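Chain by chain, the residues run as shown.
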Amino acid sequence: MQKRFLCLVSVILILAFSLSAFAPAAPAVQKKQVEVFSWWVGPGEADGLAAMVKVFNAKYPDITFVNAAVAGGAGTNAKAVLQTRLAANDAPDSWQAHAGQETIANYVAANQVAPLDDLFKTTGLNDVLPKTLLPLISKDGHPYSVPVNIHRSNVLWFNPKVLKDAGVTANPKTDFKTWDDFFAACDKIKAAGKTCLSMGAPWTAIHLFENVMIGTIGPDKWNGLWSNPPTTDWAGADVKKGIANFAKALSYTNPDASTLSDWQPASKMVSDGDAAFNIMGDWAYGYYANPAPNGLALKPHEQFDWAVSPGTYGVFNFLADSFVLPAKAKNAEGTNAWLTVAASKEGQEAFNPLKGSICARTDCDMSKFSEYSKDTAKDWSSNTVVGSLQHGVVAAPAWATKIGTAMGLFQASKLDDAAQADFQKALADACKSDGTCKK
Amino acid sequence: MSLKFKLNIPHLILSVILMAVGISAIFALSKIDLILFEKNFTSIGILLAALIFYSGIILIVMMFENETLLSISLLFPSVVAVAIFVYGFIGWSIRVSLSKWKGLTPDFTWVGLAQYQELFKDPRFLIDVRNTVMFTVLFIAGCLIIGLTLAILLDQKLKGESIFRSIFLFPMSISFIASGVVWGWLMNPATGSRTAGINLIFKSLGLNSLISLWHSTPQPWGMAFTVIPAVWMLSGYTMALYLGGMRAISDDLREAARVDGASEFEIYRYIVFPMLQPVTLSAVIILGHMSLKIFDLIVALGNKDIRLDVPGIYMWVTTFDGTNYAQGAAIGVLMLISVAILVIPYLVQNIRTETEL
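Definitions and cut-offs
Residues numbered from 1 in each chain as written. Chains lettered and ligands numbered in written order. Predicted model: local features only at pLDDT ≥ 70, side-chain atom pairs only at ≥ 80, totals over all residues. Heavy atoms only, no water. UniProt positions renumbered as here; feature names shortened; annotations may be inferred. Helix = DSSP H or I, 4+ residues; strand = E, 2+ residues; numbered from the N terminus. Rg over C-alpha atoms; globule rule 2.2 N^0.38 Å. Buried < 20%, exposed > 50% of the residue type's maximum accessible area, 1.4 Å probe, protein only. Contact = heavy atoms within 4.5 Å. Domains from an automatic or database assignment. Buried area = accessible area lost by both parts, 1.4 Å probe. Disulfide = S-S within 2.5 Å. Core = buried A, V, L, I, M, F, W, Y, C linked by side-chain atoms within 4.5 Å. Salt bridge = Lys/Arg side-chain N within 4 Å of Asp/Glu carboxyl O. Nonpolar A, V, L, I, M, F, W, Y, C, P; charged D, E, K, R; others polar.

Identification of chain A as Probable sugar-binding periplasmic protein from Leptolinea tardivitalis is taken from an unreviewed UniProt entry. Under the UniProt heading Function (unreviewed entry), the entry covering chain A gives this text: "Part of a binding-protein-dependent transport system for a sugar." Looking at chain A in UniProt, the text filed under Sequence similarities (unreviewed entry) is "Belongs to the bacterial solute-binding protein 1 family."

In structure tokens:
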């Protein structure tokens, strides 16, 4: 017994000596570095990040870039990891955050990030970002994040052949001025035995909801819902109309939507000819057009086509990934260097064609981009910009989660008048619980 | 307690060396400022160094030649670790659940049971409770019935028993998340040209009446279908529990019953089943605590659909998506209580019978 114990002890000892032997050899000098946290690990986005890092390395050869990416769609896992690190006072040198309230209500309110007025001035971002964007990423007039890319939420994807076969003569690019115009087309498609509007996993319902709402009440009233205090009444007639349209839109969707694993199966229903329309952000373009295995390698305008979602002509419902400056920056020089590259023309031109998004800057050279992106970039610099709800621009995370719950309960209901009234009440309560609406 | 002390020079030297190495290693490691990935190694290294230091102390304790003292000092580190990392954090979660912490900045303002009151008024949480109860009842019932049936079949001493046993047990080796994804494909509710999975088999066999909406069946019965993969995974395990119980029943008892003229059915009814009661109890406890905490299977099947919501998913969404830490903690505490209601009576009974023995 004792012998065995001694044996164990000596094993531990040997381990210990080897440990103390290599420990001092570990790097004791601090090399200049920047640790950047993101959830860009998927196809396209990881390539984009690598391209931007290449620009960074060329400009700042003496600073080491440390990639601290965490996998997981839309960053749900990454956000949990980041919260843990922030709570442990172990903030990365810069991290990815959706531009807008997700940054402001989370990180600005907790004093985790610092304003970027200087950087916006030195990099000239103030002059090259759309004027309507700045208030959405600022608090009290100070910008808090550097948007690197822009995605559009209000895109209506459709299958031209399904429309033709069903005898729909209206052109989605010009004729869907209201949701009623869209429903008229839907009735024809339904009569032809196809799903009119495909929908995917539960979160895509909120994506649809925001675009129905904007298409019904218009950009100004949509912005009014999120201003503090709201200038559009959550319990009022406008929202009621929006909910009624949304309920009607849901009645045209595929009944198995909630069991689809994500947004892709719903997009695929359109290209397969099972459904006519799908409302999804412009990341769907990459899925349709890219070569296999990351895309379906389809021909634009023939096998799929796009328009802005009904009732939103001239409106750009945006979401953006952005990077922030931590309030307690450990490697201020590295962070500044990274943010300068993220804000620069070269950095954004390297990143966005691969990610399938457009530059946040309006002065990028569009020749490197896809046909879809060229279209979108034109709209980005000329349209009225509004922010997305599902993608973190307009509502604080706690508020958005409450809306998600209200949405889930509504979808589980019969969608009739009583359920619509309940849904509207739940939305008004969610606003009160956020503190933006008065109780 | 006798405290004899017997000096053992080699042990003393060894112990001093161990303590010196441990302390210097802790010191060295905490001095080095390593970056992210190596940080984990640093903490493991410090833990290891502390262990080396503590084994030096144990060596000294050994010199006192007192069994009680030695066992206490051997148990001490794990008791401390469990006290901090299990009970300490339970206490912490309870404290957070009584605060109004929302957002990234901790806010421990005392609000009493307000978070719990809000939860019990929350229609989503009520759906969670209903879903959990339905899932637990059907899951336990399904596993017990199928597990017992399989065990009885295998108990007939048939050829190739071990092969069947392995086949029935295999599903348990798959993780909930993987089986959730695969069963999500199998239980595909799509209709028309997109029909797939089990429905496609039914369709091609002409069994159209069996085609089902599976877990997208309107509330509340959709939840019942999520039990299918869970039962598929764990009925084999329940079978193993029962089979073990049956094998422990001595053949003498069966022989005696046969001599008294009992039929096979009566042997099971009056001998085997009564003696399997403790097995049933443990099976209910093991399965019950799994289903009350179920998360991964439902996430994979339901994509956070509220119709298939369970407290575990709501806790995740509230805490990490909504940054409402206080309410997330309240959900966690309620889950803990629900499991405790199931487990504690069992533990109490176990301890009682053990002290009686």
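Structure's up, so let's keep going.
> Would you mind going over the overall build of chain B with me for this structure?
Within chain B one finds 16 helices and zero strands. For 357 residues, the compact-globule formula gives about 21 Å, and the C-alpha radius of gyration of chain B, at 27 Å, lies well above that figure. Once the C-alpha set of chain B is aligned to its principal axes, its extents read approximately 85 × 65 × 40 Å. Counting the 357 residues in chain B, one finds 38% classified as buried. By sequence separation, contacts in chain B at least 24 residues apart represent 69% of the contacts at least 6 residues apart.

> I would appreciate a short explanation of the domain arrangement of chain B in the present structure.
It is common to give the size of an interface as the accessible area lost on bringing the parts into contact. Residues and elements named next belong to chain B. What the domain assignment lists for chain B is domain 1 (9-97) and domain 2 (118-356). The straight-line distance from the C-alpha centre of domain 1 to that of domain 2 is 40 Å. If you look at the interface, domain 1 gives five residues, while domain 2 gives six residues. The contact between domain 1 and domain 2 buries some 380 Å² in all, and 86% of this surface belongs to carbon and sulfur atoms.

> How should I be thinking about the state of the cysteines in this particular structure?
Here a disulfide denotes a covalent bond joining the sulfur atom of one cysteine to the sulfur atom of another. Residues and elements named next belong to chain A. According to the stated counting rule, one finds three disulfides over all chains in the structure shown. Here C186 pairs with C196 through a disulfide, and the sulfurs are 1.9 Å apart. For the disulfide bridge between C186 and C196, the dihedral angle about the S-S bond is near -70 degrees, and by the sign convention the bridge is left-handed. With C186 in helix 8 (residues 179-191) and C196 in strand 8 (residues 195-198), the pair connects residues that are 10 residues apart, well separated along the chain. For the pair formed by C186 and C196, the shared burial category is buried.

> Hey, could you run me through the nonpolar core in this one?
If you look at soluble globular proteins, the nonpolar side chains tend to sit buried side by side. In terms of nonpolar packing, the biggest core is built from 119 residues, with A:W157, A:F182, A:W222, A:W226, A:F277, A:F318 and A:W338 touching the most fellow members. Counting residues per element, this core draws most heavily on helix 9 (residues 203-226) of chain A, which supplies 11 residues. Residues from two domains meet in this core; each of domain 1 (33-152 + 319-387) and domain 2 (155-317 + 395-434) of chain A gives at least three. Setting aside residues up to four positions removed in sequence, A:W338 forms contacts with A:V34, A:V36, A:L49, A:M52, A:V53, A:F56, A:F65, A:S94 and A:F323. In this structure, B:M187, B:W214, B:I249 and B:A283 belong to the second largest nonpolar core, which totals 43 residues.

> What's the story with the interface of chain A and chain B in this structure? I'm lost.
Tallying the contact residues gives 47 residues for chain A and 48 residues for chain B. Here chain A packs against chain B, burying approximately 4,100 Å² in sum over the two surfaces, 66% of which is carbon and sulfur. Here chain A and chain B share two salt bridges between them. Between B:R194 and A:D256 there is a salt bridge whose closest N-O contact spans 3.0 Å. The set of elements that each furnish at least two residues to the side of chain A that touches chain B consists of helix 1 (2-22), strand 1 (33-37), helix 3 (76-87), helix 4 (101-108) and helix 16 (397-411) of chain A. Of the residues belonging to the side of chain A that touches chain B, the class tally is 25 nonpolar, 16 polar and six charged.

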